[in-house]
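# Tertiary structure, described
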Amino acid sequence: MRTTMTTTMTEEQQGIFPAVCPLDCPDQCGLLLHKEDGKIVKIEGDPDHPVTQGAICNKVRNMTARIYDDKRLQYPMKRVGPKGEEASFQRISWDEALDTITSRWKELIASEGPEAILPYSFYGNMGRIGTEGMDRRFFHRMGASRLLYSICESAGTEGYKYTMGGSYGTDPEDTVHAKLIIMWGINAVSTNMHQVMLAEKARKNGAQIIVIDAHKNQTGRWADWFIPILPGTDAALALGMMHILFAENLTDQAFLEQYTLGYEELREHVKSYDPASVSEITGVPVEDIYRLARLYGETSPSFIRIGNGIQHHDNGGMCVRTIACLPALTGQWLHQGGGAIKGNGAYLEHNLPALQRPDLRKKEARQINMNLLGSALLELDPPIHALYVYNSNPALVAPHANKVKEGLEREDLFTVVHDLFLTETAKYADIVLPATSSFENTDFYRSYWHHYVHLQLPVIAPYGESKANVDVFRLLASMMGYEDEALRDSDEDMVRQALYHPGNPAIAEITYDALLDTGFMKAATTPLFPGKLRTPSGKIELYSADMASKGFPALPTYVPLAEVSDLPFMFIPAPNHNFLNSTFAHNEKHVRMEKVPKLHMHEDDASALGLASGDLARVWNERGECELVVMAGRDVQRGVAVSQGLWADSPGSKTRVNVLTPDRVADMGGGATFFSGRVGVEKLT
Ligand SMILES: Nc1nc2c(c(=O)[nH]1)N[C@H]1C(S)=C(S)[C@@H](COP(=O)(O)OP(=O)(O)OC[C@H]3O[C@@H](n4cnc5c(=O)[nH]c(N)nc54)[C@H](O)[C@@H]3O)O[C@H]1N2
Ligand SMILES: Nc1nc2c(c(=O)[nH]1)N[C@H]1C(S)=C(S)[C@@H](COP(=O)(O)OP(=O)(O)OC[C@H]3O[C@@H](n4cnc5c(=O)[nH]c(N)nc54)[C@H](O)[C@@H]3O)O[C@H]1N2
Ligand code: SF4
Ligand SMILES: [Mo]
């Protein structure tokens, strides 16, 4: 029997307790934790969760192996000996750790000013008070350099916003009604499995499923029709579809007139994207472009799931902005289940100022793009002298990893890492702090795909001496002598403050108390149309004056990728099935499930290089090199090489794919361009 959520769950030795998956995954599943003798022994999906319905992924079904992994950090440590791979550490007390950190920071603030200190974090745990609550308050109060949180979805989010006014899309629960589903640049079988389950229901009712991707991975294999495309060219395909939709009168004139801005300009503009030219750019045959456009123009409701793959390119923002125009052309937003999802985060917007307290910052500070961490550490003037890393593993996940490594190696850089494991980044730390897992914490969670908010209360006691992010920041604040009330608020206070948001009536009923009762609640969202969007015109902006004022083309446009290089392969180092970014890469069970780091190549490219499946290849460019196991076949096109997963270092291994990725920033949002680099490949003997 499942027990209801209480503040005393940690004291129960057995039972089944409600929880939420903390990982950076759109699905945000409801979970049930089975406890025996005070420990979690099994994790399963909560069958009562309306969206995730008891199904969870392999990663999290096996997550107890991570929570109780022998390698999990249990107490604070200081480094003895050199930084990096060879680093060794010695146990210290929390008092010593906090004292070392705050003494160093105080000295630095006195001599260099607070901007010499850089916080670096992301969403290793999606709980909001822990990832953008007490931490933000603390660093605002300090006046530290600011981080631009740009490594994940920022280019596409900005692009989508120009068209649609914010992260508002279709309610995924409605997508069971769609008759045509396009998964565009998303490996949903691995990264959004409940969208796949919803699409399966739609398929039983006659829906067709199309996958457009540079790699025929498990998602492509599941499609009714897989369309391979050359990386970075998707905007051209979408514009080619628009060309045909207008030319063949497959558009919804009434919708265009009432709800869009600039359709006449767009109709003229897309005349130049004729199918023959688009085929040349994208590698998609002319007849397939016609077939796709006609299917899209003639089927309703149609739904597009826009993935993150297409926006990790130089032109990622514009690409997402362009695809986001398609549903407007055929009026899909008025049909239940029609439209698109890039992200749905805006529906659940909480009270950011109340949670983050930017008012605590007395003086503006410089902002540093997290995708440029290497350059920031090596080149900034005045320099960064101290780095505080939590919820992230930049040595492995950030682009141009050799530059990041060189930055982290700086002898004069004082680095603190707070994590559950001794990550590749932690090996460069002066002080390492042990972090609790999400099941040891209080926090609230909001999906960026479905429309539910969740509350998590601690189910198990902290592991060893580990502490939650919020607790560490409260302690650091007190030792820094910061006396502000906001730095002493309890977890519960912070959840209440964040959820009280008169600016977003959709979450008016969602309070700490209501969540205590139910665990999760759906926001009272209403369909986007009829209605006014948050674009400058209130309409879907096919033409955007706002973009023009920022130097972008006002109409959706195909812009070729930037890397100029003679190297023969476009390199796509994508996520894998059994890790979540680098999370689980340190846990043997998950590594075993994923086997080896692979490089998918076309069989003709492989054989031309004397490579066969199973061979070890050296993959290289001007930024670095790594070694991956070749999988030759026909699941990528010629001239494309795809790896999967962010693998942890093992002795003698060279599997950090980010040594190869560019640190150019994308066209919008300061976004990452992980998939826009080129590499050479050769056989390793
Ligand atoms: N199992 C698992 N799930 C995850 C993650 C994980 O690491 N593992 N990570 C989580 C996070 S943080 C995120 S942001 C999401 C990311 O998940 P997704 O949104 O699925 O994005 P990616 O996996 O980065 O890329 C998706 C697909 O884009 C393809 N692709 C690359 N370039 C192009 C292109 O130019 N055009 C087209 N059409 N396709 C292209 C890749 O081949 C890949 O199949 O997943 C989340 N969920
Ligand atoms: N080549 C390539 N690189 C990529 C990507 C790609 O597709 N290809 N994807 C990019 C994307 S989309 C993203 S979102 C980033 C993600 O990059 P990161 O945000 O760095 O994600 P993870 O690698 O999962 O690392 C999260 C870390 O946080 C720790 N952690 C978890 N919970 C807590 C907590 O409560 N407190 C503290 N202090 N620590 C905690 C975990 O143990 C883990 O070490 O990677 C990016 N890097
Ligand atoms: S990682 Fe995603 S699919 Fe897996 S349990 Fe968590 S939210 Fe669900
Ligand atoms: Mo991400």
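Residues numbered from 1 in each chain as written. Chains lettered and ligands numbered in written order. Predicted model: local features only at pLDDT ≥ 70, side-chain atom pairs only at ≥ 80, totals over all residues. Heavy atoms only, no water.

- Under an unreviewed UniProt entry, the name given to the chain is Dimethyl sulfoxide reductase DmsA, and the source organism is Paenibacillus allorhizoplanae.
- Comment text from UniProt for the chain, heading Sequence similarities (unreviewed entry), reads "Belongs to the prokaryotic molybdopterin-containing oxidoreductase family." (UniProt positions renumbered as here; feature names shortened; annotations may be inferred.)

### A few points about the sheet that holds strand 20 (residues 520–522)
- Spatially, 18-19-20 is the arrangement adopted by the three strands of the open sheet, whose pairing is antiparallel. Looking at the sheet topology across the chains shown, the edges are occupied by strand 18 (443–446) and strand 20. Strand-to-strand twist across the sheet, computed as the mean angle between neighbouring axes with direction ignored, equals 15 degrees. (Pairing = 2+ DSSP bridges. Helix = DSSP H or I, 4+ residues; strand = E, 2+ residues; numbered from the N terminus. Axes fitted to C-alpha atoms, helices over the stretch in contact; angles between N-to-C directions.)

### A look at the packing of helix 6 (residues 154–164) against helix 15 (residues 316–323)
- For the pair helix 6 and helix 15, the least separation of the axes is 7 Å and the interaxial angle reads 40 degrees. Comparing their axes, helix 15 and helix 6 come out oblique. Seen from above, helix 6 lies across helix 15 with right-handed handedness. Note on element contacts: helix 15 touches helix 6 through Gly-316, Gly-317, Val-320 and Arg-321, opposite Ala-155, Gly-156, Gly-159, Tyr-160, Tyr-162 and Thr-163. (Parallel < 35°, antiparallel > 145°, perpendicular 65-115°, else oblique. Left-handed = near helix turned anticlockwise from the far one by under 90°. Contact = heavy atoms within 4.5 Å.)

### Structural notes on the sheet that holds strand 5 (residues 88–91)
- Taking strand neighbours across the sheet as the criterion, the six strands line up as 5-4-17-16-15-6 in an open arrangement whose pairing is mixed. Edge positions in the open sheet fall to strand 5 and strand 6 (117–121), since each of these has one partner strand only. Averaged over all pairs of adjacent strands, the angle between strand axes in this sheet comes to 20 degrees, irrespective of strand direction.
- Pairing of strand 15 (residues 386–390) with strand 16 (residues 414–419), which is carried by five bridges, proceeds in the parallel orientation. Bridge pairing links Tyr-388 to Val-416 in strand 16.
- Here helix 3 (residues 94–112) sits on the sheet and contacts strand 4 (77–80), strand 6, strand 15, strand 16 and strand 17 (431–434); the angle it forms with strand 17, its principal contact strand, is near 130 degrees.

### With respect to the UniProt feature "domain: 4Fe-4S Mo/W bis-MGD-type" (unreviewed entry) in the chain
- Here the UniProt-annotated "domain: 4Fe-4S Mo/W bis-MGD-type" (unreviewed entry) positions come out as residues 14–71.
- In this annotation, residues 14–71 is assigned 14% helix and 34% strand; the end-to-end C-alpha distance for the span is 25 Å.

### Quick look at the site of ligand 2
- In the vicinity of ligand 2, 31 residues are found, and the nearest of them are Ser-392, Asp-419, Pro-573, Ser-582 and Thr-583.
- Here an oxygen atom of ligand 2 sits 2.8 Å away from a polar atom, N or O, in the side chain of Ser-392.
- Within the backbone of Asn-393, one N or O atom sits 2.8 Å away from an oxygen atom of ligand 2.
- In isolation ligand 2 has 910 Å² of accessible area, and contact with the protein removes 96% of it.
- When its residues are assigned to classes, the shell around ligand 2 shows 14 nonpolar, 14 polar and three charged.
- Counting only domains with at least three residues in the shell around ligand 2, you end up with domain 2 (77–151 + 366–441 + 460–488) and domain 4 (569–683). (Near = heavy atom within 4 Å. Polar contact = N/O pair within 3.5 Å; in protein donor to acceptor, adjacent residues only side chain to side chain. Areas by Shrake-Rupley, 256 points an atom, 1.4 Å probe, with all protein chains shown as cover. Nonpolar A, V, L, I, M, F, W, Y, C, P; charged D, E, K, R; others polar. Domains from an automatic or database assignment.)

### So, the domain arrangement of the chain
- Domain boundaries in the chain define domain 1 (9–67), domain 2 (77–151 + 366–441 + 460–488), domain 3 (155–342) and domain 4 (569–683).
- Relative placement of domain 1 and domain 3: their C-alpha centres are 34 Å apart.
- Taken together, the contact pairs twelve residues of domain 1 with ten residues of domain 3.
- Carbon and sulfur atoms make up 55% of the surface buried where domain 1 meets domain 3, a total of about 750 Å² over both sides. (Buried area = accessible area lost by both parts, 1.4 Å probe.)

### Observations regarding helix 22 (residues 491–499)
- By the burial criterion, the buried members of helix 22 are Asp-491, Met-494, Val-495, Ala-498 and Leu-499. Burial along helix 22 is one-sided: seen end-on, the buried residues are contained in an arc of 125 degrees. (Buried < 20%, exposed > 50% of the residue type's maximum accessible area, 1.4 Å probe, protein only. Arc of directions from axis to C-beta.)

### Quick look at the pattern of salt bridges
- Tallied over the full model, the rule gives 41 salt bridges.
- We note a salt bridge from Glu-465 to Arg-91, for which the minimum N-O separation is 2.8 Å. Here Glu-465 is found in the loop between strand 19 (452–456) and helix 21 (469–480), whereas its partner Arg-91 is found in strand 5, with 374 residues between them in sequence.
- Given a relative accessible area of 49%, Arg-91 falls into the partly exposed group. (Salt bridge = Lys/Arg side-chain N within 4 Å of Asp/Glu carboxyl O.)

### Side note on the nonpolar core
- Judged by nonpolar contacts, the single largest core of 131 residues is most densely connected at Trp-105, Phe-138 and Trp-184.
- It is helix 10 (residues 234–247) that contributes the most residues to this core, ten residues altogether.
- Counting residues in each nonpolar core, the second largest holds 62 residues, with Ile-384, Val-636, Val-642 and Ala-672 among its members. (Core = buried A, V, L, I, M, F, W, Y, C linked by side-chain atoms within 4.5 Å.)

### Brief notes about helix 5 (residues 134–142)
- Most of helix 5 is tucked away: eight of the nine residues are buried.
- Met-134, Asp-135, Arg-136, Arg-137, Phe-138, Phe-139, His-140 and Met-142 are the residues of helix 5 that are buried.

### A look at the packing of aromatic side chains
- For the coordinates displayed, the defined rule picks out 21 aromatic pairs.
- When the ring of Phe-139 is compared with that of Phe-473, the centres are 5.5 Å apart and the planes differ by 75 degrees; the resulting orientation is edge-to-face. Taken together, the residues span a long stretch of sequence, with Phe-139 in helix 5 and Phe-473 in helix 21 at a distance of 334 residues. Taken individually, Phe-139 and Phe-473 each receive the classification buried, so the pair is uniform in this respect.
- Of note, Lys-467 hangs over the ring of Trp-94, and the distance from its end group to the ring centre comes to 5.1 Å. (Phe/Tyr/Trp six-rings, centres within 6.5 Å; stacked < 30°, edge-to-face > 60°. Lys NZ or Arg CZ within 6 Å of the ring centre and 35° of its normal.)

### A short note on the site of ligand 3
- All residues in the neighbourhood of ligand 3 are listed as Cys-21, Leu-23, Cys-25, Asp-27, Gln-28, Cys-29, Ile-56, Cys-57, Lys-59, Val-60 and Met-193.
- Split by residue class, the shell around ligand 3 holds eight nonpolar, one polar and two charged.

### Considerations on the pairing of strand 9 (residues 208–213)
- The buried fraction of strand 9 is high, at five of six residues.
- Where strand 9 lies against strand 10 (residues 225–228), four bridges are found, and the strand directions are parallel. Bridge assignment links Ile-210 to a residue of strand 10, and that residue is Trp-225.

### Some remarks on the state of the cysteines
- Counting across every chain of the model gives zero disulfides.
- With no disulfide of its own, Cys-319 lies closest to Cys-325 among cysteine sulfurs, the gap being 11 Å. (Disulfide = S-S within 2.5 Å.)

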